[in-house]
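Chain by chain, the residues run as shown.
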Amino acid sequence: QLQFVESGGGLVQPGGSLRLSCAASGSTLENHAVGWFRQAPGKEREGVSCISRVHGLTHYADSVEGRFTISRDNAKNAVYLQMNSLKPEDTGVYYCAATSRSIWSCVATDFGSWGQGTQVTVSW
(Lines give C-alpha, C1' and ligand atoms only; values in the text may rest on other atoms or scores of the structure.)
Protein backbone atom coordinates (compact mmCIF):
# COMPACT_ATOMS: atom_id res chain seq x y z
CA GLN A 1 0.00 0.00 0.00
CA LEU A 2 1.13 3.50 -0.81
CA GLN A 3 2.03 5.66 2.17
CA PHE A 4 3.02 9.33 2.36
CA VAL A 5 4.94 11.41 4.87
CA GLU A 6 4.66 15.18 4.49
CA SER A 7 7.24 17.61 5.83
CA GLY A 8 8.26 21.25 5.52
CA GLY A 9 5.32 22.95 7.16
CA GLY A 10 5.63 25.57 9.84
CA LEU A 11 5.04 29.20 10.76
CA VAL A 12 5.91 31.84 8.19
CA GLN A 13 5.17 35.56 7.84
CA PRO A 14 2.99 36.88 5.02
CA GLY A 15 5.05 37.19 1.87
CA GLY A 16 7.36 34.39 2.94
CA SER A 17 8.02 31.02 1.36
CA LEU A 18 7.87 27.35 2.30
CA ARG A 19 8.71 24.17 0.45
CA LEU A 20 6.65 21.11 1.29
CA SER A 21 7.93 17.62 0.62
CA CYS A 22 6.05 14.36 0.40
CA ALA A 23 7.97 11.11 0.57
CA ALA A 24 6.18 8.01 -0.69
CA SER A 25 6.78 4.44 0.35
CA GLY A 26 5.21 1.05 -0.18
CA SER A 27 4.80 1.52 -3.91
CA THR A 28 6.12 3.59 -6.80
CA LEU A 29 4.59 6.94 -7.69
CA GLU A 30 5.14 6.48 -11.40
CA ASN A 31 1.70 4.97 -11.87
CA HIS A 32 -0.08 7.70 -9.92
CA ALA A 33 -1.17 11.24 -10.34
CA VAL A 34 -0.27 13.22 -7.21
CA GLY A 35 -1.82 16.23 -5.58
CA TRP A 36 -1.59 18.65 -2.70
CA PHE A 37 -4.75 19.50 -0.77
CA ARG A 38 -5.37 21.78 2.16
CA GLN A 39 -8.01 22.13 4.82
CA ALA A 40 -8.69 24.96 7.23
CA PRO A 41 -10.86 24.47 10.35
CA GLY A 42 -14.53 24.51 9.42
CA LYS A 43 -13.82 24.40 5.68
CA GLU A 44 -13.85 21.57 3.19
CA ARG A 45 -10.67 20.05 1.84
CA GLU A 46 -9.69 21.75 -1.39
CA GLY A 47 -7.35 20.87 -4.19
CA VAL A 48 -4.34 23.18 -4.24
CA SER A 49 -2.31 21.62 -7.03
CA CYS A 50 -2.10 18.31 -8.89
CA ILE A 51 0.30 16.78 -11.40
CA SER A 52 -0.30 13.93 -13.82
CA ARG A 53 1.68 10.72 -13.91
CA VAL A 54 2.75 10.49 -17.56
CA HIS A 55 3.07 13.97 -19.02
CA GLY A 56 3.48 15.99 -15.84
CA LEU A 57 0.52 18.20 -16.63
CA THR A 58 -0.29 20.50 -13.74
CA HIS A 59 -3.35 22.04 -12.18
CA TYR A 60 -3.46 24.96 -9.77
CA ALA A 61 -6.31 26.42 -7.81
CA ASP A 62 -7.06 29.97 -8.90
CA SER A 63 -6.10 31.21 -5.45
CA VAL A 64 -2.52 29.91 -5.70
CA GLU A 65 -1.68 30.06 -9.40
CA GLY A 66 1.42 32.12 -9.99
CA ARG A 67 2.58 31.66 -6.40
CA PHE A 68 2.82 27.88 -5.96
CA THR A 69 4.69 25.30 -8.04
CA ILE A 70 4.17 21.55 -7.88
CA SER A 71 6.85 19.13 -9.01
CA ARG A 72 7.59 15.43 -8.82
CA ASP A 73 10.69 13.29 -8.86
CA ASN A 74 9.77 9.72 -9.68
CA ALA A 75 13.36 8.55 -9.14
CA LYS A 76 13.11 9.75 -5.53
CA ASN A 77 9.46 8.72 -5.20
CA ALA A 78 8.63 12.21 -3.98
CA VAL A 79 6.47 15.21 -4.74
CA TYR A 80 7.05 18.83 -3.74
CA LEU A 81 5.12 22.06 -3.39
CA GLN A 82 7.04 25.33 -3.52
CA MET A 83 4.94 28.08 -1.96
CA ASN A 84 5.91 31.72 -2.44
CA SER A 85 4.27 35.02 -1.52
CA LEU A 86 2.27 33.30 1.18
CA LYS A 87 -0.91 34.88 2.49
CA PRO A 88 -2.79 34.35 5.77
CA GLU A 89 -5.57 32.62 3.82
CA ASP A 90 -3.07 29.93 2.83
CA THR A 91 -3.12 28.71 6.43
CA GLY A 92 -4.25 25.13 6.89
CA VAL A 93 -3.23 21.51 7.05
CA TYR A 94 -1.65 20.43 3.78
CA TYR A 95 -1.94 16.84 2.58
CA CYS A 96 -0.38 15.00 -0.30
CA ALA A 97 -2.43 12.35 -2.02
CA ALA A 98 -2.34 10.00 -5.00
CA THR A 99 -4.72 8.39 -7.43
CA SER A 100 -4.26 5.55 -9.89
CA ARG A 101 -7.27 6.59 -11.93
CA SER A 102 -6.72 7.29 -15.60
CA ILE A 103 -9.39 9.96 -15.57
CA TRP A 104 -9.38 12.29 -12.60
CA SER A 105 -9.82 15.82 -11.43
CA CYS A 106 -7.94 17.67 -8.71
CA VAL A 107 -10.63 17.06 -6.12
CA ALA A 108 -10.30 15.10 -2.88
CA THR A 109 -12.91 12.50 -3.82
CA ASP A 110 -10.80 11.32 -6.77
CA PHE A 111 -7.79 10.53 -4.57
CA GLY A 112 -7.55 7.42 -2.41
CA SER A 113 -4.10 7.43 -0.77
CA TRP A 114 -3.36 10.18 1.74
CA GLY A 115 -0.56 11.40 3.97
CA GLN A 116 -0.97 12.54 7.56
CA GLY A 117 -0.74 16.24 6.75
CA THR A 118 1.57 19.07 7.74
CA GLN A 119 0.48 22.36 9.29
CA VAL A 120 1.15 25.62 7.46
CA THR A 121 0.49 28.84 9.36
CA VAL A 122 0.92 32.24 7.72
CA SER A 123 0.80 34.96 10.35
CA TRP A 124 2.67 37.84 11.94
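Rules of the game
Within each chain, residue numbers correspond to sequence positions counted from 1 in written order. Under the rules for a predicted model, residues below a pLDDT of 70 receive no local features and side-chain atom pairs below 80 are neither given nor counted, while totals for whole chains, interfaces and linings still include all residues. Side-chain calculation: all heavy atoms of the structure are included, whereas hydrogens and water are not. Nonpolar core, defined: a set of buried Ala, Val, Leu, Ile, Met, Phe, Trp, Tyr and Cys residues in which side-chain atoms within 4.5 Å join the residues together. Summary of the burial criterion: residues with accessible area below 20% of their type's maximum are buried, those above 50% are exposed, and those between are partly exposed, where the area comes from a 1.4 Å probe applied to protein chains only. The helix count covers DSSP runs of H or I at least four residues long, the strand count covers runs of E at least two residues long, and both are numbered beginning at the N terminus. Should any heavy atoms of two residues lie within 4.5 Å, those residues are considered in contact. Cysteine sulfur atoms are paired as a disulfide whenever they come within 2.5 Å of each other. Salt bridges are defined as contacts in which a side-chain nitrogen from Lys or Arg sits within 4 Å of a carboxyl oxygen from Asp or Glu. At least two DSSP bridges between two strands are needed for those strands to be called paired. Only Phe, Tyr and Trp rings are paired, with Trp represented by its six-membered ring, and only when their centres lie within 6.5 Å; those with planes under 30 degrees apart are stacked, over 60 edge-to-face, the remainder tilted. Note on geometry: axes are lines fitted to C-alpha atoms, helical ones only across the stretch in contact, with angles between N-to-C directions running from 0 to 180 degrees.

Asker: Any chance you could explain the nonpolar core here in plain terms?
Answerer: One broad trend across soluble globular proteins is that nonpolar side chains are buried collectively. Counting 26 residues, the largest nonpolar core has Phe-4, Trp-36, Phe-68, Leu-81, Met-83 and Tyr-94 as the members making the most contacts within it. For this core, the secondary structure elements donating two or more residues are β3 (18-25), β4 (33-39), β5 (46-51), β7 (68-73), β8 (78-83), β9 (92-99) and β11 (118-122). Top element by residues in this core is β3. It accounts for four residues. When near neighbours in sequence (up to four residues on either side) are disregarded, Phe-68 contacts Arg-38, Val-48, Tyr-60, Leu-81, Gln-82, Met-83, Asn-84, Leu-86, Asp-90 and Tyr-94. Of all hydrophobic cores here, the second largest spans five residues; its members include Phe-37, Cys-50, Ala-97 and Cys-106.

Asker: How do you make sense of the state of the cysteines when you look at a structure like this?
Answerer: By definition, a disulfide is the covalent link that joins the sulfur atoms of two cysteine residues. Throughout the structure, instances matching the rule amount to two disulfides. The disulfide partner of Cys-50 is Cys-106, and the S-S distance across this bridge is 2.0 Å. Measuring the twist about the S-S bond at about 75 degrees, one finds the Cys-50-Cys-106 disulfide to be right-handed. Of the two residues, Cys-50 is situated in strand β5 and Cys-106 in the loop between β9 and β10 (113-114); the sequence distance between them amounts to 56 residues. Ordering the disulfide-forming cysteines of the protein by sequence position, one finds them joined as 1-3, 2-4.

Asker: Even after reading the chapter, I still don't get the pattern of salt bridges, so can you show me in this structure?
Answerer: Oppositely charged side chains can form a pair if their charged atoms are brought close together. Applying the stated criterion across every chain yields a total of four salt bridges. Salt-bridge contacts for Arg-101 lead to Asp-110; the nearest nitrogen and oxygen are separated by 2.7 Å. Counted as one network, the salt bridges with shared partners bring together Arg-38, Glu-46, Arg-67 and Asp-90.

Asker: Got a minute to help me understand the pairing of β11 in this structure?
Answerer: Side-chain direction in a regular strand flips from residue to residue, so the side chains alternate between the two faces of the sheet. Judged by which residues are buried, β11 turns out to be one-sided: Thr-118, Val-120 and Val-122 face inward and are buried, whereas Gln-119 and Thr-121, on the alternate face, are not. Bridge count for strand β2 (residues 10-12) against β11 is three bridges, and the pairing is parallel. Within β11, the residue paired with Val-12 across the bridge is Val-122. Across three bridges, β9 lies against β11 in antiparallel orientation.

Asker: Can you walk me through the packing of aromatic side chains in this structure?
Answerer: Two aromatic rings are characterised by how far apart their centres lie and by the angle between their planes. One pass over the structure, following the stated rule, counts four aromatic pairs. Plain terms: the ring middles of Phe-37 and Phe-111 are 5.1 Å apart, the flat faces sit at 70 degrees to each other, and that makes the pair edge-to-face. Taken together, the residues span a long stretch of sequence, with Phe-37 in strand β4 and Phe-111 in the loop between β9 and β10 at a distance of 74 residues. Each of the two residues, Phe-37 as well as Phe-111, counts as buried. Seen in terms of ring centroids, Trp-104 and Phe-111 are 5.9 Å apart; in terms of plane orientation they differ by 75 degrees. Their pairing is edge-to-face. Note on Trp-104: relative accessible area 22%, which makes it partly exposed. The class of Phe-111 is buried, set by a relative accessible area of 5%. Feature note: the residues Phe-37, Tyr-95, Trp-104, Phe-111 and Trp-114 constitute an aromatic cluster, connected by ring pairs.

Asker: Looking at this structure, I do not really get the sheet that holds strand β1 (residues 3-7). What am I missing?
Answerer: Adjacent strands of a sheet form backbone hydrogen bonds with each other and so pair up, either parallel or antiparallel. Taken in spatial order, the four strands make up an open sheet running β1-β3-β8-β7, and their pairing is antiparallel. A strand with exactly one partner marks an edge of an open sheet, and here the two such strands are β1 and β7. Direction aside, neighbouring strands of the sheet carry axes that sit 15 degrees apart on average. Here β3 pairs with β8 via six bridges, running antiparallel. Counted as the bridge partner of Ser-21 is Tyr-80 from β8.

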